[in-house]
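Listed here are the chains, written in short residue letters.
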Amino acid sequence: MHPTVSERERRLIRDARRALDAHTALADLEARQLLEMHKQEFPQGWLALEREALLKQIR
């Protein structure tokens, strides 16, 4: 990871990834909410590509 990635940005992506790993509808909803928060707070952040890949998994 790039050293300038904030802990908040890392945490949102990490928690979304963990939620997706649960493979339940409720967890997918949680992941989507976390990823949407990331999109609002870090629209072009260092982890934007990873965010978009995770969103595709949900769709």
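Definitions and limits used
- Residues numbered from 1 in each chain as written.
- Predicted model: local features only at pLDDT ≥ 70, side-chain atom pairs only at ≥ 80, totals over all residues.
- Heavy atoms only, no water.
- Buried < 20%, exposed > 50% of the residue type's maximum accessible area, 1.4 Å probe, protein only.
- Helix = DSSP H or I, 4+ residues; strand = E, 2+ residues; numbered from the N terminus.
- Arc of directions from axis to C-beta.
- Contact = heavy atoms within 4.5 Å.
- Salt bridge = Lys/Arg side-chain N within 4 Å of Asp/Glu carboxyl O.

Caption draft 1: Region of interest: helix H3 (residues 48-58). Within the sequence span of H3, burial applies to Ala 48, Arg 51, Leu 54, Leu 55 and Ile 58. Here the buried residues of H3 occupy an arc of 120° about the axis, which is enough to place them on one side. Turned more than 90 degrees off the buried face of H3, the exposed positions are Leu 49, Lys 56 and Gln 57. Buried residues along H3 sit in contact with helix H1 (7-21) and helix H2 (25-41).

Caption draft 2: Representation of the pattern of salt bridges in the model. Within the structure shown, the criterion is met by six salt bridges. Where Arg 8 meets Glu 41, a salt bridge forms, and the shortest distance between an N and an O atom there is 2.7 Å. One end of the pair, Arg 8, is in helix H1; the other, Glu 41, is in helix H2, with 33 residues separating them in the sequence. Taking relative accessible area as the criterion, Glu 41 reaches 37% and is therefore assigned partly exposed. Linking Glu 52 and Arg 51 is a salt bridge whose minimum nitrogen-to-oxygen distance equals 3.0 Å.

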